[in-house]
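Tertiary structure, described
For reference, the chains in residue letters:
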Amino acid sequence: MMSSFLFRAMDARAGIFLAIMAAVIVLVPAGNLLMPEGSTFHVPNYAVTLMGKYLTYALLALAVDLVWGYCGILSLGHAAFFALGGYAMGMYLMRQIGTRGVYGDPILPDFMVFLNWGELPWYWYGFDMFWFAALMVLLVPGVLAFVFGWFAFRSRVTGVYLSIITQALTYALLLAFFRNDMGFGGNNGLTDFKDILGFDIQADTTRAGLFAASGLALVLCFLICRAITRSKLGKVLVAVRDAESRTRFLGYRVEHYKLFVWTLSAMMAGIAGALYVPQVGIINPGEFAPANSIEVVIWVAVGGRGTLVGAVLGAVLVNFAKTWFTAALPDIWLFALGGLFVVVTLFLPKGIVGTLSQGWTALRQRKVSEDFEAGSDQPPRQAPQSPASPANVSPKKSASTVPADAEPQPAE
């Protein structure tokens, strides 16, 4: 049943995306582990970590595109779910340090020993087990999103008001996690990780494995999102986005649909945060910053809202541009990055993928029109479509359709 559900996601665009991702997941670790350092095809360690971080950002952008591009919920607080998933993984990694910490305490992390904590807080119990931490990566962002969405959507808070509330949520968590008495490391956060699942976190093989895990998580979440958006549920979500009041008038429980997709998106963001932390080696309250959530929205807008593939492309391109600008133009990189956003907004309002899809559709329409004008006897049976659109079903022939020169038949 699950395979048939995911099979709905397959089309030309999804096939191209999966082929590219398969190549990246295989070639990047192979280039790092199998190719000698002097080889042209060698991928250095820092590049593996950097591209792995890009993949986690792409997963976060995919989560935002699901709720914004297909349901019309502009979230300015998804960084909160990303950071909560990261903290859940960070707590597991801290418990794995044991006596190898600076103070050598087998139970308490170093920052708790430094702050004179007498015992481990109750909410740290269980994080010495990976399965429990993985469960919390999903549950903590998911439960928070469910509770928040339950009250917000039942109260019919929409538009800019909902965006402001989501931003207030992430800012409140930012202030809370900055406090030392919260038990999450305060301003310094969680760092100095040693290993994950018994493997040295600094080892080349571990980094390659984390990169592959990030790529596989991105592929799986993409297929789930694609299957949802191309199903009947996806059509209802688009109806909610375009005409929420009319959809409610037709009898749909709009708040239930919004709550489902909102909670699923938050859990995807938590997975992205959990994969981000072991690759960058730190998680601190700065990840809750509202500016981070706004930046994710920019990634989606640049790539193309409501395309899924565009969200992934936008996240990778913008973060690559940021990395390149900081090295090539260290004094003016902020202006260069801001100029990139302005150019995209003015000349590519539908984003990169949306603009390409629109151009592809216009090109096919022109070709069909030229063929018809060149002497085709009949017009096309169906209008050309963008690769993002579902295939049209050819209309059935009417039983009353008869040739023009047919003899009239007597009524029976």
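A brief report on the enclosed structure follows. (Residues numbered from 1 in each chain as written. Predicted model: local features only at pLDDT ≥ 70, side-chain atom pairs only at ≥ 80, totals over all residues. Heavy atoms only, no water.)

If you tally the helices and strands in the chain, you get 15 helices and four strands. Taken across its 412 residues, the chain has 45% of its residues classed as buried. Intrachain contacts of the chain at a sequence separation of at least 6 include 75% that bridge at least 24 residues. As displayed, the chain offers around 21,800 Å² of accessible surface, 65% of which is attributable to carbon and sulfur atoms. (Helix = DSSP H or I, 4+ residues; strand = E, 2+ residues; numbered from the N terminus. Buried < 20%, exposed > 50% of the residue type's maximum accessible area, 1.4 Å probe, protein only. Contact = heavy atoms within 4.5 Å. Areas by Shrake-Rupley, 256 points an atom, 1.4 Å probe, with all protein chains shown as cover.)

This paragraph deals with the nonpolar core. Counting 108 residues, the largest nonpolar core has Leu62, Trp124, Leu190, Leu218, Met268 and Phe288 as its most contacted members. Residue contributions to this core peak at 14 residues, all from helix α3 (residues 45–69). Those residues in contact with Leu190, other than ones at most four positions away along the chain, are Tyr87, Gly90, Met91, Met94, Phe111, Trp124, Phe184, Gly185, Gly281, Ile282 and Ile283. (Core = buried A, V, L, I, M, F, W, Y, C linked by side-chain atoms within 4.5 Å.)

With 15 residues, helix α14 (residues 333–347) should reach 21 Å at 1.5 Å per residue; the first-to-last C-alpha distance of 21 Å fits that figure. Listed as buried for α14 are Leu337, Phe341 and Val344. Across the axial projection of α14, the buried residues extend over an arc of 65 degrees, all falling on one side. Residues Phe335, Leu346 and Phe347 are exposed on α14 and point more than 90 degrees away from its buried face. Lining the buried residues of α14 we find α12 (290–303) and α13 (309–328). (Expected span 1.5 Å × (residues − 1). Arc of directions from axis to C-beta.)

Moving on: the packing of helix α9 (residues 232–242) against helix α11 (residues 254–280). Across the interface, α9 lies against α11 with an axial gap of 10 Å and an inter-helix angle of 110 degrees. With respect to each other, α9 and α11 are oriented roughly perpendicular. Seen from α9, the contacting residues are Leu233, Val236, Leu237 and Val240; seen from α11, they are Val254, Tyr257, Lys258, Phe260 and Val261. Residue composition of the contact of α9 with α11, grouped by class: eight nonpolar, no polar and one charged. (Axes fitted to C-alpha atoms, helices over the stretch in contact; angles between N-to-C directions. Parallel < 35°, antiparallel > 145°, perpendicular 65-115°, else oblique. Nonpolar A, V, L, I, M, F, W, Y, C, P; charged D, E, K, R; others polar.)

What follows is about the pattern of salt bridges. Evaluated as defined, the whole model comprises eight salt bridges. Between Asp192 and Lys194 there is a salt bridge; the shortest N-O distance is 3.3 Å. For Asp192, a relative accessible area of 35% translates into the label partly exposed. Among the ionic pairs, Arg241 bridges to Asp242, the shortest N-O distance being 2.9 Å. By relative accessible area, which is 54% here, Asp242 ends up exposed. When salt bridges that share partners are traced, they join Glu244, Arg248 and Lys258 into one network. (Salt bridge = Lys/Arg side-chain N within 4 Å of Asp/Glu carboxyl O.)

Bringing the packing of α3 against helix α8 (residues 204–229) into the picture now. Axis separation between α3 and α8 bottoms out at 9 Å; the angle between their running directions is 20 degrees. Considering the angle they form, α3 stands roughly parallel to α8. Here α3 runs over α8; the crossing is left-handed. Between α3 and α8, the residues in contact are Asn45, Val48, Thr49, Met51, Gly52, Leu55, Thr56, Ala58, Leu59, Leu62 and Leu66 and Asp204, Arg207, Ala208, Phe211, Ser214, Gly215, Ala217, Leu218, Cys221, Phe222, Cys225 and Thr229, respectively. The residue inventory of the contact of α3 with α8, partitioned by class, reads 14 nonpolar, seven polar and two charged. (Left-handed = near helix turned anticlockwise from the far one by under 90°.)

Glancing now at a nonpolar patch on the surface. The grouping of Met129, Trp131, Leu135, Leu139, Val143, Phe146, Val147, Trp150 and Phe151 at the surface amounts to a nonpolar patch, some 870 Å² of accessible area in total. With respect to the helices and strands, Val147 occurs in helix α6 (residues 130–154). Overall, the relative accessible area of 39% leaves Val147 in the partly exposed class. (Patch = residues over 30% accessible without salt bridge, like charges linked within 9 Å, V, L, I, M, F, W, Y side chains within 5 Å.)

This part is about the environment of Pro278. Secondary-structure assignment places Pro278 in helix α11. Pro278 sits in the buried class, given a relative accessible area of 6%. For the pair formed by Pro278 and Leu93, sequence separation is 185 residues and the distance between their alpha carbons is 8.0 Å. The residues contacting Pro278, other than those within four sequence positions of it, are Met89, Leu93, Ile196, Ile201 and Leu210.

Take unusual backbone geometry next. Positive phi outside glycine occurs at Arg156, with the angle close to 60 degrees. Relative to the elements of secondary structure, Arg156 occurs in the loop between α6 and α7 (159–177). A positive phi angle, near 65 degrees, is found at Asp192, a position not held by glycine. Counting through the fold element by element, Asp192 comes out in the loop between β1 (190–191) and β2 (195–196).

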